[in-house]
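Tertiary structure, described
In case you want the letters, here they are:
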Amino acid sequence: MGIHKGALKRHGKRLRLTTWLFLCHPAVSLAYFTGFFLLIFLYAHPVFIVTGFVCAGLQAAYHIGLRYFAGKIKLTFLFCLLLALLNPLLNHRGAHILFYLFQKPVTLEAAAYGAYMMFLLMTMFALFIDINQTVGTGKLLYIFSRAAPQTSFIVSMSMRYSSFLKREAADYLGVQRTRDVDASEGKSNKLKRAGVVVAGFCALTLEKGMQIAESLRAREYGKTKRTLYASYLFTGLDAVFLASCLMLCIAGTVFALTGAGSFDYFRGLSDWRLDLTDMCAYSLFIVYMLLPYVMDAYRETIRRRSLELN
Amino acid sequence: MSLIEFHDFSFQYAQNAQSGESAVKNISLTVNEGEFLVVCGRSGSGKSTLLRCMKEETTPAGRSTGSFVTALSSSETAVVFQDPDTQLVCSTVIEDMAFYMENLGYTRENMRHTMAETVGFFGIESLLHRDPNDLSGGQKQMVVLCAALMTNPRLLLLDEPVSQLDPIASKSLLDTLVRINRELGVAIVMTEHRLDDCIAVADKLAVMEDGKILCMGETGSILKRMVSDNDDSGRLFVPEIPKASHYIAPKARVCLTGKELRSLVLSNDIENHGLCFEKENSPKKENLSKENLQKENLQKEEMKKLIKLKNIFFAYDESPDFVLRNLFLNIYKGERICLMGGNGSGKTTLLKLICKIIRPLSGTLHMEKLGLAYMPQDVKSYFRFETVKEEIDHNRGGGETDEKLLEEMGLSKLLQRHPLDLSGGEAGKLALYCLLLKKPRLILMDEPTKGMDPYGKRLLAGYLKASGATVICATHDLEFAAGFATRCVMLFDGSVSISSNPAEFFGRNHYYTTALSRAMRPLFNNIITFEDVKKLWI
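Note that the structure is a prediction, hence the values are computed from the model and not measured.

In this section: the overall build of chain A. Helix and strand counts for chain A stand at 11 helices and two strands. Sequence-ordered secondary structure for chain A, helices as α and strands as β, is α-α-α-α-α-β-β-α-α-α-α-α-α. Its C-alpha atoms give chain A a radius of gyration of 26 Å, more than 25% over the compact-globule value 19 Å for 310 residues. When burial is assessed residue by residue, chain A has 28% of its 310 residues classed as buried.

We now examine the overall build of chain B. Looking only at helices and strands, chain B has 20 helices and 18 strands in total. Compactness check: chain B gives a C-alpha radius of gyration of 24 Å against a globular reference of 24 Å for 538 residues, within 12% of the reference. Overall, the C-alpha framework of chain B stretches about 65 × 60 × 50 Å when taken along its three principal axes. Each of the 538 residues in chain B was classed as buried or not, and the buried ones make up 50%. In chain B, the share of contacts with a sequence separation of at least 24, taken over all contacts with a separation of at least 6, comes to 69%.

Turning next to the nonpolar core. Counting 169 residues, the largest nonpolar core has Ile188 and Leu339 of chain B as its most contacted members. A total of nine residues in this core trace back to one element, the largest contributor, which is helix H15 (residues 424-437) of chain B. Other than its neighbours up to four places away in sequence, leucine 339 of chain B contacts Lys347, Leu350, Ile472, Cys473, Ala474, Val489 and Leu491 of chain B. Residues Val28, Ile49, Ala61 and Leu127 of chain A belong to the second largest nonpolar core, which totals 47 residues.

On domain assignment, one finds that chain A holds domain 1 (5-143 + 230-309) and domain 2 (147-218). Between domain 1 of chain A and domain 2 of chain A, the C-alpha centre-to-centre distance is 40 Å.

This brings us to the interface of chain B and chain A. Taken together, the contact between chain B and chain A spans 50 residues of the former and 47 residues of the latter. Broken down by secondary-structure element, the contributors of at least two residues to the side of chain B that touches chain A are helix H2 (93-103), helix H3 (108-122) and strand E14 (372-375) of chain B. Residues that form the side of chain B that touches chain A fall into these classes: 25 nonpolar, 13 polar and 12 charged.

Residues and elements named next belong to chain B. Read across the sheet, three strands follow the order E11-E10-E13 without closing on themselves; strand pairing throughout is antiparallel. At either end of the open sheet lies a strand with only one pairing partner, and these are strand E11 (324-332) and strand E13 (362-367). Neighbour-to-neighbour, the strand axes of this sheet turn through a mean angle of 10°, independent of strand direction. Direction of pairing for strand E10 (residues 305-314) relative to E13: antiparallel, over a ladder of five bridges. Across the sheet, lysine 310 pairs through a bridge with threonine 364, a residue of E13. Taken strand by strand, helix H12 (residues 347-354) contacts E10, E11 and E13, and its axis lies near 120° from that of E10.

Residue and element names in this part refer to chain B. Tracing the sequence through the fold places glycine 20 in the loop between strand E1 (2-13) and strand E2 (24-32). A count of 7 C-beta atoms within 10 Å places glycine 20 in the exposed class. Once the C-alpha coordinates of glycine 20 and serine 362 are considered, the two residues, 342 residues apart in sequence, prove to be 58 Å apart.

Moving on, we get to the environment of glutamate 117 of chain B. Here glutamate 117 of chain B lies in helix H3. Sequence-wise, glutamate 117 of chain B and leucine 174 of chain B are 57 residues apart; in three dimensions their C-alpha atoms are separated by 20 Å.

Right, let's get into the pairing of strand E16 (residues 470-474) of chain B. All names here are of chain B. Where burial is concerned, most of E16 is hidden: five out of the five residues are buried. Side chains of E16 alternate between two faces, with Thr470, Ile472 and Ala474 and Val471 and Cys473 buried alike. By the bridge criterion, five bridges tie strand E15 (residues 442-446) to E16 in an arrangement that is parallel. The residue bridging isoleucine 443 from the neighbouring strand is valine 471, located in E16. One crossover worth recording links E15 to the parallel E16 by way of helix H16 (residues 454-467), and it is right-handed.

Attention now moves to the sheet that holds strand E9 (residues 212-218) of chain B. All names here are of chain B. Ordered in space as E5-E6-E7-E3-E8-E9, the six strands form an open sheet in which the pairing is mixed. Strands at the two margins of the open sheet, each flanked by one partner only, are strand E5 (77-80) and E9. Put simply, the sheet's adjacent strands are angled 15° from each other on average, direction ignored.

Residue pairs spaced three or four apart in an α-helix point in one direction, given the helix's 3.6 residues per turn. Residues and elements named next belong to chain B. Buried residues of helix H9 (residues 258-266): Leu261, Leu264 and Val265, and no others. End-on view of H9: buried residues confined to an arc of 95°, all on one side of the axis. Structural note: H9 exposes Lys259 and Leu266 on the side pointing more than 90 degrees away from its buried face.

Here we take up the confidence of the model for chain A. Residue and element names in this part refer to chain A. Per-residue confidence for chain A averages 85 on the pLDDT scale, and 93% of its residues sit at or above 70. Of all secondary-structure elements in chain A, the lowest mean pLDDT belongs to helix H1 (residues 5-12), at 43, while helix H10 (residues 236-257) reaches the highest, 95. Scored below 50 in pLDDT, residues 1-11 shows 15 contacts in the model against residues more than four places distant or in partner chains.

Residue and element names in this part refer to chain B. For H3, which comprises 15 residues, the first-to-last C-alpha distance of 21 Å matches the rise-based estimate of 21 Å (1.5 Å per residue) to within 8%. Here the buried face of H3 lies against H2 and helix H4 (137-148). Just past H3, the residue glycine 123 takes up positive phi, approximately 65°.

Once that is clear, we can look at the pairing of strand E6 (residues 155-159) of chain B. All names here are of chain B. With five of its five residues buried, E6 lies for the most part within the structure. On E6, burial covers both faces: Leu155, Leu157 and Asp159 on one face and Leu156 and Leu158 on the other are all buried. Bridge count for E5 against E6 is four bridges, and the pairing is parallel. By the bridge assignment, valine 79 is partnered in E6 with leucine 157. Inspection of the sheet shows E6 paired to strand E7 (residues 187-191) by five bridges, in the parallel sense. Residue leucine 157 lies in a different strand from E7, and its bridge partner there is valine 189. With helix H5 (residues 167-184) bridging E6 and the parallel E7, this β-α-β connection has right-handed handedness.

Turning to the packing of helix H3 (residues 26-42) of chain A against H10 of chain A, a few remarks are in order. Residue and element names in this part refer to chain A. Contact geometry for H3 and H10: axes closest at 10 Å, N-to-C directions at 15°. Judged by the angle between their axes, H3 and H10 are roughly parallel. As for the relative orientation of H3 and H10, their crossing is left-handed in sense. Touching Val28, Ala31, Tyr32, Gly35, Leu38, Leu39 and Leu42 of H3 are Asp238, Phe241, Leu242, Cys245, Cys249, Gly252, Thr253 and Ala256, all from H10.

Residues and elements named next belong to chain B. Two elements in contact, H2 and H4, have axes separated by 8 Å at closest approach and are oriented at 30°. Relative to H4, the element H2 is oriented roughly parallel. Here H2 and H4 pass one another in a crossing that is right-handed. Here Val93, Asp96, Met97, Phe99 and Tyr100 of H2 come into contact with H4, specifically with Val143, Cys146 and Ala147. Looking at side-chain class alone, the contact of H2 with H4 contains seven nonpolar, no polar and one charged residues.

Reading the values: the criteria
Residues numbered from 1 in each chain as written. Chains lettered and ligands numbered in written order. Predicted model: local features only at pLDDT ≥ 70, side-chain atom pairs only at ≥ 80, totals over all residues. Helix = DSSP H or I, 4+ residues; strand = E, 2+ residues; numbered from the N terminus. Rg over C-alpha atoms; globule rule 2.2 N^0.38 Å. Buried ≥ 20, exposed ≤ 12 C-beta atoms within 10 Å, placed from the backbone. Contact = placed C-beta atoms within 7 Å. Core = buried A, V, L, I, M, F, W, Y, C linked by C-beta atoms within 7 Å. Domains from an automatic or database assignment. Nonpolar A, V, L, I, M, F, W, Y, C, P; charged D, E, K, R; others polar. Pairing = 2+ DSSP bridges. Axes fitted to C-alpha atoms, helices over the stretch in contact; angles between N-to-C directions. Right-handed = clockwise from strand over helix to strand, strands pointing away. Arc of directions from axis to C-beta. pLDDT = per-residue confidence, 0-100. Expected span 1.5 Å × (residues − 1). Parallel < 35°, antiparallel > 145°, perpendicular 65-115°, else oblique. Left-handed = near helix turned anticlockwise from the far one by under 90°.

Structure (structure tokens):
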């Protein structure tokens with residue numbers, strides 16, 4: 001029996017919908033991820049970036065399931081590994097020469113910088129996978145719809161119809177293929193036919209577009225200033241979490257400006273050990289990564305307590 | 001109290017300004033508070049145009065004469081069109097629900113309040129955060145209807161809302177419409193070809209032809225008038241139940257529901273007329289089934305196998321579930337097969353597999369090399385040229401056009417029109433004409449009767465039978481299948497669950513069967529179509 005690959009992928013995705021970053025207000029969730037991005041860009045130290053990657057990966061796996069996350073990051077890992085390997089071959093800066101390849105030096109500094117870039121890219125990608133599931137396009141649009149309601153609606157509509165039109169195009173081409181089964185047809189005729197089919201599909205799409213416009217008109221779109229339906233509530237816990245993120249980010253920025261967590265890959269490779277300021281910044285960095293789990297633990301505790309009381 | 005009134009109203013599309021042809025002519029019509037009006041008529045008779053003229057925002061570009069008076073504001077008139085996909089414009093159901101209210105500038109509290117009670121009334125809370133692309137046809141139309149009611153309209157306009165739904169989903173939508181009409185007092189104007197389920201719920205019926213209202217009045221009396229007509233113009237539109245009741249008791253009032261028909265049959269009057277309705281006269285269900293099976297098997301052995309589907313599995317990329325699983329089906333030369341089953345049961349997928357638009361993931365498909373023609377569900381996706389004439393020329397290749405057929409189908413006057421400008425019924429006829437020009441040996445059709453009036457259906461069945469080709473139709477139109485098919489195949493859970501001749505198929509089914517069969521089941525097993533009534537009541 002044939003096994004459908006798409007089915008396995010879908011089965012591997014297990015969303016933990018009751019975790020904090022899924023449940024909180026979308027703006028809070030987005031703010032947390034923005035803070036995460038800020039911190040990984042502020043600190044170039046290998047310990048920070050490896051920790052950042054591990055935390056981002058664990059968090060994504062926690063939210064969407066390890067199998068789904070591993071499947072998603074597999075290709076990126078290969079791409080990033082390739083970048084890490086290519087960097088020392090193309091970049092020859094640095095004092096510690098490991099060996100010569102095609103008479104060009106391969107340096108330890110370039111290799112270390114390649115590894116740093118690899119981890120940075122993978123952390124970013126892990127965060128994007130996580131955002132895509134926890135915040136998602138719908139919530140993102142909701143956040144930005146206040147600032148630009150019309151644009152937000154058009155983006156939402158485009159998203160709805162992009163997959164719809166993709167399916168329509170596949171159906172249309174399938175039907176058109178059944179109409180022409182002349183194998184002896186020349187190349188020029190085939191091209192001409194393809195042109196006619198594309199024009200036919202454009203006409204069909206325009207027809208659908210007119211029907212959509214008619215349905216918008218029937219619901220008086222554009223007649224008056226639009227209001228917005230609020231699907232999400234901003235709770236006290238959201239405010240506490242947002243304030244904590246904000247404070248940790250500010251503290252992290254201040255530490256970074258004083259030089260904590262910095263690392264120079266090309267001037268003789270700085271000492272990789274962490275000093276006191278680095279340790280303080282690192283502690284705050286870890287606390288930031290752990291914040292969503294703290295919220296989950298807190299919510300779970302009060303939930304259980306309420307169950308016990310009842 | 002009247003909500004809208006037309007007096008001597010005519011409407012002419014902007015593109016017909018030169019020819020001077022009006023789509024709607026001299027209409028005088030009143031829709032009262034809480035009324036349920038169904039408008040029927042042939043394809044292109046002006047039903048949809050009239051409906052669109054009832055709300056300012058949906059009135060097409062053109063010129064109108066006469067008067068149209070409405071007591072309603074724009075938001076008090078809601079419209080639901082035929083295709084739900086073009087009406088669900090947002091990426092989640094809840095956004096679509098709020099869309100109309102957002103456009104009217106409702107406050108958030110107001111929106112939440114209205115949405116909570118309206119969604120509760122429809123019982124579709126579970127769909128709120130779903131992507132419209134993931135909903136079935138019936139669910140989509142239900143969501144569209146719910147979204148239309150968010151502004152608490154007093155008049156609801158529906159343009160063939162059940163034409164794309166399977167019989168069960170269409171019944172459920174009509175039940176909801178009845179609740180809206182009876183419980184909320186919303187007046188409803190609905191255009192529809194398939195009157196079978198509507199007549200029991202409509203207060204008034206209007207029949208249109210050539211832009212004019214032929215007759216309008218209380219549903220029962222209009223049906224009586226139509227069924228008593230000598231010519232086919234009205235009679236063809238009359239559903240099987242009133243038609244049968246008129247045949248059984250010509251002087252009595254026509255029956256609108258199965259219950260009424262059963263009472264009529266059982267009434268003493270009928271019994272006294274000596275009509276043979278005794279249960280014993282009809283063959284026993286089991287015997288019928290065995291006899292038919294043996295007969296069918298013998299016939300099939302003599303017939304040539306055209307297509308053999310063996311243990312087929314198929315799933316679409318975006319779905320984790322198999323649409324077809326363990327599907328076995330043999331198709332013989334000259335058969336007319338109607339594929340049936342609920343929305344999403346795999347009918348369209350099976351047709352696409354046979355015409356090789358998609359490939360099975362597992363299993364084998366053996367097929368003789370033969371000329372094949374396929375008509376898709378969205379018939380407009382069949383066309384690619386800019387005029388009807390070009391479409392026809394492309395399909396005839398070097399051959400001749402059948403002028404008589406062209407005339408009979410009413411296509412000769414449409415040659416210079418764009419195929420996408422045709423009505424659903426006209427587009428269906430054009431696609432059928434193009435298919436027949438190729439003289440295929442195998443014809444695959446997906447919902448061929450969608451949007452087609454009874455005349456179109458009769459023509460379709462006649463031409464397909466006359467072509468002599470093997471025909472496989474996916475259809476929800478049970479009455480059409482009962483009269484047309486030589487074999488009915490029901491798909492369920494991705495495989496064939498029933499495959500037998502129409503008499504056996506509809507005789508055995510309790511829910512998925514013709515309106516007449518449902519009505520007569522407690523009395524007779526073998527009444528499926530009006531023809532069966534005629535045979536039994538001599």
